[in-house]
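An overview of the molecular structure
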Amino acid sequence: MLEDLRRHLLWQEEAGGRVLRLDARRVAEQRGGGIPRPAVMLRAQQTQAPQEQPAPRAPVARMAPQRELPPARESRPAPVARPAAPEIRAEPPRSEGEAGDRPTLDELRRELVDCQRCKLCSGRKNIVFGVGNPRAELVFVGEGPGAEEDLQGVPFVGAAGQLLTKMIEAMGFHRDEVYICNVVKCRPPGNRNPEPDEVKACEPFLRAQLRAVEPKAIVALGKFAAQTLLRDGTPITRLRGQWREYEGIRLMPTFHPAYLLRQPAEKRKAWEDLQQVMKVFGKQPGKRG
Ligand code: URA
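Bear in mind the structure is a predicted one, so any value in this text is a computation, not a measurement. (Residues numbered from 1 in each chain as written. Predicted model: local features only at pLDDT ≥ 70, side-chain atom pairs only at ≥ 80, totals over all residues. Heavy atoms only, no water.)

Structural notes on the pairing of strand β5 (residues 138-142)
Worth spelling out the cut-off: Burial here depends on accessible area, computed with a 1.4 Å probe over protein chains only, as a share of the maximum for the residue type. Under 20% is buried, over 50% is exposed, and the range in between is partly exposed. A run of H or I in DSSP becomes a helix once it reaches four residues, and a run of E becomes a strand once it reaches two; helices and strands are each numbered from the N terminus. DSSP calls a pair of strands paired once it identifies at least 2 bridges connecting them.
With respect to burial, β5 is a largely interior element, 5 of its 5 residues being buried. Going residue by residue along β5, you find Leu 138, Phe 140 and Gly 142 tucked away on one face and Val 139 and Val 141 tucked away on the opposite face as well. Bridge count for β5 against strand β7 (residues 217-221) is 4 bridges, and the pairing is parallel. If you follow Val 139 over to β7, its bridge partner there is Ile 218. Bridge count for β5 against strand β6 (residues 179-182) is 4 bridges, and the pairing is parallel. Paired with Gly 142 across the bridge in β6 is Asn 182.

Here's what the structure looks like:
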């Protein structure tokens, strides 16, 4: 608990000297719904990979009564060769009542095993699918794995990841109660930007992940996440800080943590963006200390 508080204060100090008033009270709101979502059809492939555990929503502010169970962490991807994965294809929108047939995260993960849909497959050590609570109410979407993520098969575990973890905790969440993923699941060599064909190949999986998690809010970290999800080429400097809608889900574009490491003065703006997200969850916005 003291460690949590220390981390909160650390990020706020970095974010511009703001002090977060910790709100221990969980706000029990109704979870929003009734939004038609497009489906993704799996060309049936059931492998021996373990089934995704039915995981609870994080016990944070929400709009519907939730089971108060601890959040579950997804199992790590196994970096072993498997039979070629079937393709994924988009389907027309369906109604909320048909939501039961959307692929789960584990099904999607299995679809990506040994993925060779783009040239990034040749240099990767691991596919970096996503991590966190499969029923998270808050999802963070980054750009693509770096060297450390590629090694570990887990998103946001390098320097930018450490900053993201501080940001998440400063917002009053634990890292394992949110869900974290990237636009591309394999490391672009030399940490270059993902190329359009790579984004195009991976994007259906990102969209399907978001459909599987069905969060209450999405934070798009940096231009690739924001522009890909919104299909909007506006620079991130103009997108950030404005609520947008992604398939009926609130989406907040903000700066990528790697950019914030290079431009620490911009942390104040990112913190303002994150405070808007906190409000949705009934978390208290920071106050000047
Ligand atoms: N940057 C990203 O966009 N994603 C990661 O997983 C790590 C760094």
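From this point, the narrative continues.
A word on the packing of aromatic side chains
Just so we agree on the cut-off: In summary, the pairing rule links any two rings of Phe, Tyr or Trp, Trp by its six-membered ring, whose centres are within 6.5 Å, and it sorts them by plane angle into stacked for under 30 degrees, edge-to-face for over 60 and tilted for everything else.
Summed over all chains, the structure comprises 2 aromatic pairs. Each ring, one from Phe 173 and one from Phe 281, has its centre 5.2 Å from the other, and the planes form 90°; the classification is edge-to-face. Taken together, the residues span a long stretch of sequence, with Phe 173 in the loop between α4 (159-170) and β6 and Phe 281 in the loop between α9 (267-280) and β10 (287-288) at a distance of 108 residues. Of the residues examined, Phe 281 reaches a relative accessible area of 1% and is grouped as buried. Centre to centre, the rings of Phe 255 and Tyr 259 are 4.8 Å apart; their planes meet at 45°, and the pair counts as tilted.

Some words on the sheet that holds strand β9 (residues 249-254)
Selection rule: Working convention: axes come from line fits to C-alpha atoms, limited for helices to the stretch in contact. Angles between N-to-C directions cover 0 to 180 degrees. Contacts were defined at the residue level, with two residues in contact if any of their heavy atoms lie within 4.5 Å.
Strands sit in the order β4-β6-β5-β7-β9-β8 across an open sheet of 6 strands; the sheet is mixed. Both outer strands of the open sheet, β4 (130-132) and β8 (244-246), are each paired with one neighbouring strand and no more. Taken over all neighbouring pairs, the strand axes of this sheet differ in orientation by 25° on average, direction set aside. Sitting on the sheet, helix α5 (residues 196-213) is in contact with β4, β5, β6, β7 and β8, with an inclination near 170° to β6. In the packing of helix α6 (residues 222-230) onto the sheet, the strands contacted are β5, β7, β8 and β9, and the crossing angle to β7 comes to about 130°.

Looking at unusual backbone geometry
Residues other than glycine seldom take positive phi values, yet Asp 114 does so here, at roughly 60°. The topology assignment puts Asp 114 in the loop between α2 (105-112) and β4. Its identity is not glycine, yet Phe 156 carries a phi of approximately 50°, on the positive side. Among the structural elements, Phe 156 can be located in the loop between α3 (147-152) and α4.

A few points about the site of the ligand
Where we set the bar: Here a residue is considered near a molecule or strand provided that any single heavy atom belonging to it is located within 4 Å of it. In protein, a polar contact means a hydrogen-donor-capable atom and an acceptor-capable atom, both N or O and within 3.5 Å, with residues adjacent in sequence counting only if both atoms are side-chain atoms; elsewhere, any N or O pair within 3.5 Å suffices. Working definition of accessibility: Shrake-Rupley area with a 1.4 Å probe, residue cover restricted to the visible protein chains. Ten residue types, Ala, Val, Leu, Ile, Met, Phe, Trp, Tyr, Cys and Pro, are classed as nonpolar, four, Asp, Glu, Lys and Arg, as charged, and the remainder, Gly among them, as polar.
In the vicinity of the ligand, the contacting residues are Gly 142, Glu 143, Gly 144, Glu 149, Pro 155, Phe 156, Asn 182 and His 256. At 3.0 Å from a nitrogen atom of the ligand is found a main-chain nitrogen or oxygen belonging to Gly 144. Note that an oxygen atom of the ligand is positioned 2.7 Å from one of the side-chain N or O atoms of His 256. For the ligand, whose accessible area on its own is 230 Å², the fraction buried by protein is 92%. Taken together, the residues that form the shell around the ligand break down as 2 nonpolar, 4 polar and 2 charged.

With respect to the nonpolar core
Our working rule: What is meant by a nonpolar core is a set of buried Ala, Val, Leu, Ile, Met, Phe, Trp, Tyr and Cys residues, joined one to another through side-chain atoms within 4.5 Å.
By size, the foremost hydrophobic cluster in this structure holds 61 residues, and its most contacted members are Leu 138, Phe 140, Val 141 and Met 171. The element best represented in this core is α5, accounting for 7 residues. Non-local contacts of Met 171, meaning those with residues more than four positions away in its chain, are made with Leu 138, Phe 140, Trp 271, Leu 274, Val 277, Met 278 and Lys 283.

Topic: α5
To keep things clear, this is the line we draw: In a helix, the anticipated span is given by 1.5 Å times the number of residues less one. Fitting one axis to the seven residues ending at a residue and another to the seven starting there, the bend at that residue is the angle between the two axes.
If you check α5, its first and last C-alpha atoms are 25 Å apart, about what 18 residues at 1.5 Å a residue would give, namely 26 Å. Bending of α5 peaks at approximately 40° at the position of Cys 202, with proline Pro 204 no more than four residues after it. Restricting attention to buried positions, one finds in α5 the residues Glu 198, Val 199, Cys 202, Glu 203, Phe 205, Leu 206, Arg 207, Ala 208, Gln 209, Leu 210, Arg 211 and Val 213. Phi turns positive one or two residues past the end of α5, at Glu 214, with a value near 50°.

Re the environment of Asp 273
Its location among the elements puts Asp 273 in helix α9. Residues Asp 273 and Gly 241, spaced 32 residues apart in sequence, show a C-alpha to C-alpha distance of 4.8 Å. With residues near it in sequence (within four places) discarded, Asp 273 still touches Arg 240, Gly 241, Met 252, Pro 253 and Thr 254.

Some details on α2
Within α2, 7 of the 8 residues are buried, which leaves the element mostly enclosed by the surrounding structure. For α2, the complete set of buried residues consists of Leu 105, Asp 106, Leu 108, Arg 109, Arg 110, Glu 111 and Leu 112. Taken from the residues just after α2, Asp 114 is the one with a positive phi, measuring 60°.

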